[in-house]
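# Analysis of the macromolecular model
The lines below spell out each chain.
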Number of protein chains: 2
Amino acid sequence: MAEKYEDSQLYKIRHSAAHIMAQALTQMFRPGEVKVAIGPPIENGFYYDFELPRSLVPKDLKQIEKRMKKIIKGDYEFVRREVSAAEALEEFADQPYKVELIEGLEDKDAVISLYTQDKFTDLCKGPHVATTKDIDPNAFKLMSIAGAYWRGDENNIQLQRIYGTAFETPEELENHLWRLEEAKKRDHRKVGKELGLFHFSDDVGSGIPLFTPKGEMLRYLMESYVRETQTKYGYDHVWTGNLVKEDLYAKSGHLENYSDVMFPVMEDADKGVRFRLKPMNCPSHMTLFKEMGKHSYRDLPMRFAEFSTLYRYEKSGELSGLTRVRSLTQDDCHIFCTADQIEEEFSLALQLITEVLDRYKLTDYKVQLSLRGDEGKYVDDNEKWTKATAALRSALEKNGVDYFEAEGEAAFYGPKADFMASDALGREWQLSTIQIDFIQPERLGLTYVTEDNAEETPVVLHRAVTGSTERFLGVIIEQFAGAFPVWLSPVQAVIIPITDVHMDYCKDVEKRLKDLGIRAYLDDGGDRMNKKIRTAEKQKVPYTLIIGDREMESDSVSVRLRGGEDQGATLMADFIAQAQAAIAAGD
Amino acid sequence: MAEKYEDSQLYKIRHSAAHIMAQALTQMFRPGEVKVAIGPPIENGFYYDFELPRSLVPKDLKQIEKRMKKIIKGDYEFVRREVSAAEALEEFADQPYKVELIEGLEDKDAVISLYTQDKFTDLCKGPHVATTKDIDPNAFKLMSIAGAYWRGDENNIQLQRIYGTAFETPEELENHLWRLEEAKKRDHRKVGKELGLFHFSDDVGSGIPLFTPKGEMLRYLMESYVRETQTKYGYDHVWTGNLVKEDLYAKSGHLENYSDVMFPVMEDADKGVRFRLKPMNCPSHMTLFKEMGKHSYRDLPMRFAEFSTLYRYEKSGELSGLTRVRSLTQDDCHIFCTADQIEEEFSLALQLITEVLDRYKLTDYKVQLSLRGDEGKYVDDNEKWTKATAALRSALEKNGVDYFEAEGEAAFYGPKADFMASDALGREWQLSTIQIDFIQPERLGLTYVTEDNAEETPVVLHRAVTGSTERFLGVIIEQFAGAFPVWLSPVQAVIIPITDVHMDYCKDVEKRLKDLGIRAYLDDGGDRMNKKIRTAEKQKVPYTLIIGDREMESDSVSVRLRGGEDQGATLMADFIAQAQAAIAAGD
């Protein structure tokens, strides 16, 4: 298990850097002018909030950094003192935010700790580095200035916040800054626009992306690939539409727990019917299982998969590109099985997920195994929990999956496993999930006949591989920075004639490639050749095929690879073999 | 152009048979006891409504038929007389329904015609056959008894209706009866149940089918085939979800003309937003066209296709199996083009539709070309109508399509062509459609830049090939009586071991077939071999592969073809070639 961030040296470095930043800023104003609020370490750095006589401007940051470096050089010790509330109030008499914090303490007798470096003292629990020199003066950077309400309450005064970051080494800082820059370049909203993949329209509604031909091709290829893989693993696909009567969600329990996130009801008052857009598939798949008639233990496991677009009425402020949408197409599956089949089915699902994530080069992932905690919310059936938990642990270990356990993180209906995959920039995404459900099958009255001719309720495993097509597409746009592997590129080859006399041969090349299932596109537009080449490059097309006299005469194409490498004249037969090999290899 | 039914000899035969049936029935009761209402020819026969002192029972039909044959033998002439209303009232004094009809005539001075055969006179416009002997006594049949309200109004008295049918020859009658019988056997609701393709659930809602793994496979194969064909024809696919803000339909005009058939609104009163499930794709595709930015004439035509599930709130009484549903997945396409491109695009769409219908052996079809009439509802732009109509006629003729024109049947927004395809029983289905739209593109503000750098509104062609996946599936279930061509069969081969010792080889055969994309299913259930063979036969699986010692030793399978023919032991390599050839041939 990894060390907790809160216990790490990095955390201390950032925390101490925040104090040093506050000291540096204080030096830039007259005594008493700077009112300090709070300054904690955060995920990728630290910040500090201040009330100041004037607004900060970006060039202030340079000056603060300079002063910070000087303080660091001073090698000042971080000295901890423990005082009473009364002493602390005296110490911070001219710092109203600190006073408010001290006065707000519930335990009036608590020991309050102060940390001092050089001439600057802060109210602080610690811990800190030993001396300011423990911070590498070349491994920190102030990032930005922002407004922030005192205590996050918009009725309070607005303070000025400075964000900074710090690492143990300059190389780590460089790497972090590069990743930030790279993440900005790869932002799927930006890349999606550049590649023309999707649009949002006020006429249709927030959070409902419209996919262009290229964007739809990506969706289609992704879903086809998962479908094919699911079929290989013995999954069946079903179809259950986009809505159900609200009563079904009353029965399943979703109406009670989930109505916040459902789209508004569709009510036919005359007929007394209320419909809801599906926010999930489980009750629909379970209804189909029931409608199909009596099931025998011999029929189990049954695995129902569906690429159904679900609708969730997320708050408009929380919508973000493709990663938080209102229309999401889950690659959802429900596995109906006996309790004894849990381990095998879980194991099969693990293998399937691993195979799919590999295909997208998401090879670095770990699994959070969420188990029940002490709270009362969990289904009260010790035997089921114990057996299922043992089955999941065993499957994870047999498959050599890197996992960690999180107690109290299970759903109320059973334990679950969530995949956290790291992308090319090392960012973690929660994608795939496998959840055991002891509850819904019973609520909806599902049964099968056992070998002993008894009626039993099946266990259901909920499982998603990529999560949703939309969100996963957002993630892989950033993962590949829009330069998708050949198999996934909406356009695999752009054909560019040098002059119009080469057009007929270009058309022939396009047709031959298309007949082989290679997504070729002939750029017969009015732009000049160099412009067309630049366009293909910007569109991150894997192969640009330029065709002139020489190519026509030898049934060749001049191949320019994505990234700019000129492969030169290549016989059509060779190019076809090359492209097909890349597609097959998943490159 | 075919003779109109109303002018045909068949129409007269049926009309006269109705009179003879009324006479025969009158003979079975005491004078004055039978009150005759009306008795017209209908699509496949005729009926007559009566008020009678007792309820008819099925065996009455036999007796009536016997009496009818006697009347026919009598060779009675059908004599027409023309009388005044007063004379008619006197003639039918004891027939209250006839009196009501005569008194209801608007033109009090109209000449009223009566037809008499033998001793039976009816109020009737005609025409009739010359004598009762013109009806072949072996070419008519009484079909059923039903209740029917006088004048179709449920507040009126309920009469008894007898349905009958008549043809020119006994062979035609036989053929008709066979088709009725066959249609009953092929009813897609019945076959769908037998093959386990889909279910309806009260929990989900009327008219929303749930598709089992087999049913979903059919949907998937159908949609994949159309998608592939569309791609070959240069169509692009897009994705626009299942709902839009209601305002969009106010702009497009659908809210005004189409709200009856929309699902109830989803209203977020707090935010003042109203959403509607999409009953059609056009406004969504046009919105995407706009969002994609400026378009040049060089970009046109653009063809946006989508398999989107649409929702129409059909009245529950009108729902019927898959052919009238509330959730329908259209294979919808919108072609954005210039006025000059209409003929070429229409022609391309005709070819695509023809190719797809052929694949389903719907080779006998004709096209109704619907043109504008005199009414004021049509868009007032003579030039556009004239030009578009000429383009459509020219394309139909160049493609050798059998078509007829229907004036006044166009949509208000432009002319259209509807395909009426005949199935294996000769029944006509309206499936594909191509519609020209001069209106919506303008309403929604679509433009492109012309060669002269001017802004112009594109023409849009709406086009559907199979119509909707659900309805088309209903039609082809009946077309093939559930015995789908091999390429479309959800299960293509069932593998049956003679005993358990053959199971491992069976698994190997299953895997080899599946790896080649052949949908094989190993029946490893507990039934005996013969039961398994019968099940496969009932499930209309194209190939049943039986495996015992002999097969295992020679890497063969014993092939039983659908319909029962025993092909005998076949080397695996040969069977694979056979199945692949059948799939490729579309058999």
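Note that the coordinates shown come from a computational prediction; the quantities given were computed from them, not determined experimentally.

### Some words on the overall build of chain A
Of regular secondary structure, chain A possesses 18 helices and 28 strands. By principal-axis analysis of the C-alpha atoms, chain A measures approximately 80 × 75 × 55 Å. The buried share of chain A, taken over its 587 residues, is 55%. Sequence-distant contacts, at least 24 apart, represent 71% of the contacts inside chain A between residues at least 6 apart. In the form shown here, chain A has an accessible surface area of approximately 26,600 Å², with 47% of it arising from carbon and sulfur atoms. Between the mean site of the 76 positive side-chain charges and the mean site of the 100 negative ones, chain A shows a separation of 5 Å.

### Details of the interface of chain B and chain A
Each partner contributes residues to the interface: chain B has 56 residues there, and chain A has 56 residues. Counting the surface chain B buries against chain A, the share from its top three residues, D203, R227 and W239 of chain B, is 16%. At the junction of chain B with chain A, the criterion picks out four salt bridges. Two residues, R227 of chain B and E216 of chain A, come together in a salt bridge whose shortest N-O distance is 2.9 Å. Taken together, the connections running from chain B to chain A amount to 19 residue pairs in polar contact (both at pLDDT 80 or more). The element best represented in the side of chain B that touches chain A is helix 7 (residues 213-232) of chain B, accounting for six residues. Classifying every residue of the side of chain B that touches chain A by side-chain character gives 25 nonpolar, 15 polar and 16 charged.

### Structural notes on the packing of helix 7 (residues 213-232) of chain A against helix 14 (residues 469-479) of chain A
All names here are of chain A. Orientation of helix 7 relative to helix 14, taken along the N-to-C sense of each, is 105°, at an axis distance of 11 Å. Considering the angle they form, helix 7 stands roughly perpendicular to helix 14. Every residue of helix 14 that contacts helix 7 at L218, R219, M222 and E223 is listed here: T469, E470, F472, L473 and I476. The residue makeup of the contact of helix 7 with helix 14, split by class, is five nonpolar, one polar and three charged.

### A few points about a negative patch on the surface
On the surface, E168, E171, E172 and E174 of chain A cluster together into a patch of negative charge. Position of E174 of chain A among the secondary structure elements: in helix 5 (residues 170-186).

### Side note on the pattern of salt bridges
The full count for this structure, using the stated rule, is 74 salt bridges over all chains. It is possible to trace a salt-bridge network through shared partners that takes in E246, E267, R274 and R276 of chain A.

### A look at the relation of the copies chain B and chain A
With an RMSD of 0.2 Å, the fit of chain B onto chain A corresponds to turning through 180° and sliding 0.0 Å along the axis. The two molecules are tied by a two-fold rotation axis, judged by turn and shift. It is M266 of chain B whose C-alpha, among those of chain B, lies nearest the rotation axis, at 2.6 Å. Interface residue correspondence from chain B to chain A reaches 100%, placing this contact among same-surface, isologous pairings.

### Overview of the sheet that holds strand 26 (residues 543-547) of chain A
Residues and elements named next belong to chain A. Taking strand neighbours across the sheet as the criterion, the five strands line up as 25-24-26-27-28 in an open arrangement whose pairing is mixed. Each having just a single partner strand, strand 25 (520-522) and strand 28 (566-571) make up the two edges of the open sheet. Taken over all neighbouring pairs, the strand axes of this sheet differ in orientation by 25° on average, direction set aside. Strands strand 24 (493-497), strand 25, strand 26 and strand 27 (556-561) of the sheet are contacted by helix 15 (residues 503-515), whose axis makes an angle of about 160° with strand 25. Helix-sheet contacts for helix 18 (residues 572-585) involve strand 24, strand 26, strand 27 and strand 28, and the interaxial angle to strand 28 is about 120°.

### What to know about helix 10 (residues 282-291) of chain A
Residues and elements named next belong to chain A. For helix 10, the buried fraction is high: eight of the 10 residues fall into the buried class. Taken as a whole, helix 10 has its buried residues at C282, P283, S284, H285, M286, T287, L288 and F289. Where helix 10 ends, the next residue or the one after it, G293, has phi of about 100°, a positive value.

### Description of the packing of aromatic side chains
This structure, assessed with the given rule, holds 44 aromatic pairs over all chains. Geometrically, the ring pair formed by Y47 of chain B and Y163 of chain B is edge-to-face, given 5.8 Å between the ring centres and 65° between the ring planes. You can see Y47 of chain B sitting in strand 3 (residues 45-51) and its partner Y163 of chain B sitting in strand 8 (residues 158-166), a full 116 residues away along the chain. Residue classification places Y47 of chain B among the buried positions, given a relative accessible area of 12%. Judged by its relative accessible area of 26%, Y163 of chain B is partly exposed. Grouped by ring-pair contacts, the aromatic residues F198, F200 and F211 of chain A together with W239 of chain B constitute a single cluster. The ring of F211 of chain B carries R219 of chain B above its face, with NZ or CZ at 4.8 Å from the centroid. The ring of Y235 of chain B has R303 of chain B sitting right over it, with the charged end atom 5.8 Å from the ring centre.

### Section: the side chain of T323 of chain B
As for its placement among the helices and strands, T323 of chain B is situated in the loop between strand 15 (302-311) and strand 16 (327-337). The contacts of T323 of chain B, once residues within four sequence positions are left out, are H188, W429, R471 and G474 of chain B.

### Considerations on the side chain of S468 of chain B
Residues and elements named next belong to chain B. Relative to the elements of secondary structure, S468 occurs in strand 23 (residues 459-468). On the accessibility criterion, S468 (6% relative accessible area) is buried. Contacts of S468, omitting those with residues within four sequence positions, involve L328, T329 and Q330.

### Some thoughts on the domain arrangement of chain A
As assigned here, chain A comprises domain 1 (5-181), domain 2 (193-364 + 429-479) and domain 3 (486-585). Centre-to-centre separation of domain 1 of chain A and domain 2 of chain A, based on C-alpha positions: 46 Å.

### Thoughts on the sheet that holds strand 15 (residues 302-311) of chain A
All names here are of chain A. One open sheet accounts for eight strands, arranged 11-15-16-23-20-19-17-18; its pairing is mixed. Each edge of the open sheet is held by one strand with a lone partner, namely strand 11 (236-237) and strand 18 (403-407). Strand direction decides the pairing type here: strand 17 (residues 364-371) and strand 19 (residues 416-422), joined by seven bridges, are antiparallel. By the bridge assignment, Q368 is partnered in strand 19 with D418. On the sheet, helix 7 packs against strand 11, strand 15, strand 16 (327-337) and strand 23 (459-468) and is oriented at approximately 165° with respect to strand 15. Its contacts with the sheet place helix 12 (residues 382-398) against strand 17, strand 18 and strand 20 (428-437), and it is angled at close to 165° to strand 17.

### Points about the packing of helix 1 (residues 9-27) of chain B against helix 2 (residues 58-73) of chain B
A packed helix pair is summarised by two numbers, namely the angle formed by the two axes and the spacing between the axes. Residue and element names in this part refer to chain B. Relative orientation of the contacting elements helix 1 and helix 2 amounts to 115°, with a least axis distance of 9 Å. Between helix 1 and helix 2, the angle falls in the class roughly perpendicular. Taken as a pair, helix 1 and helix 2 cross one another with a handedness that is right-handed. Here helix 1 contributes A17, I20, M21, Q23, A24, L25 and Q27 to the contact with helix 2, which in turn contributes I64, R67, M68, I71 and I72.

### A few points about unusual backbone geometry
All names here are of chain A. For the bond from L300 to P301, the omega torsion is -5°, close enough to zero to count as cis. Its place among the elements puts P301 in the loop between helix 10 and strand 15. Phi angles above zero are rare outside glycine, and D75 is one such case at about 55°. You can see D75 is positioned in the loop between helix 2 (58-73) and strand 4 (79-83).

### Points about the environment of S432 of chain B
Residue and element names in this part refer to chain B. Its place among the elements puts S432 in strand 20 (residues 428-437). Remark: the alpha-carbon pair of S432 and E246, spanning 186 residues in sequence, is separated by 28 Å. In this view, S432 contacts I353, L357, A417, D418, F419, A464 and V465; residues no more than four positions away in its chain are not counted.

The rules we used
Residues numbered from 1 in each chain as written. Chains lettered and ligands numbered in written order. Predicted model: local features only at pLDDT ≥ 70, side-chain atom pairs only at ≥ 80, totals over all residues. Heavy atoms only, no water. Helix = DSSP H or I, 4+ residues; strand = E, 2+ residues; numbered from the N terminus. Buried < 20%, exposed > 50% of the residue type's maximum accessible area, 1.4 Å probe, protein only. Contact = heavy atoms within 4.5 Å. Areas by Shrake-Rupley, 256 points an atom, 1.4 Å probe, with all protein chains shown as cover. Lys, Arg positive; Asp, Glu negative; His and termini not counted. Charge placed at Lys NZ, Arg CZ, Asp CG, Glu CD. Buried area = accessible area lost by both parts, 1.4 Å probe. Salt bridge = Lys/Arg side-chain N within 4 Å of Asp/Glu carboxyl O. Polar contact = N/O pair within 3.5 Å; in protein donor to acceptor, adjacent residues only side chain to side chain. Nonpolar A, V, L, I, M, F, W, Y, C, P; charged D, E, K, R; others polar. Axes fitted to C-alpha atoms, helices over the stretch in contact; angles between N-to-C directions. Parallel < 35°, antiparallel > 145°, perpendicular 65-115°, else oblique. Patch = residues over 30% accessible without salt bridge, like charges linked within 9 Å, V, L, I, M, F, W, Y side chains within 5 Å. Least-squares fit on C-alpha atoms with pLDDT ≥ 70 in both. Pairing = 2+ DSSP bridges. Phe/Tyr/Trp six-rings, centres within 6.5 Å; stacked < 30°, edge-to-face > 60°. Lys NZ or Arg CZ within 6 Å of the ring centre and 35° of its normal. Domains from an automatic or database assignment. Left-handed = near helix turned anticlockwise from the far one by under 90°.

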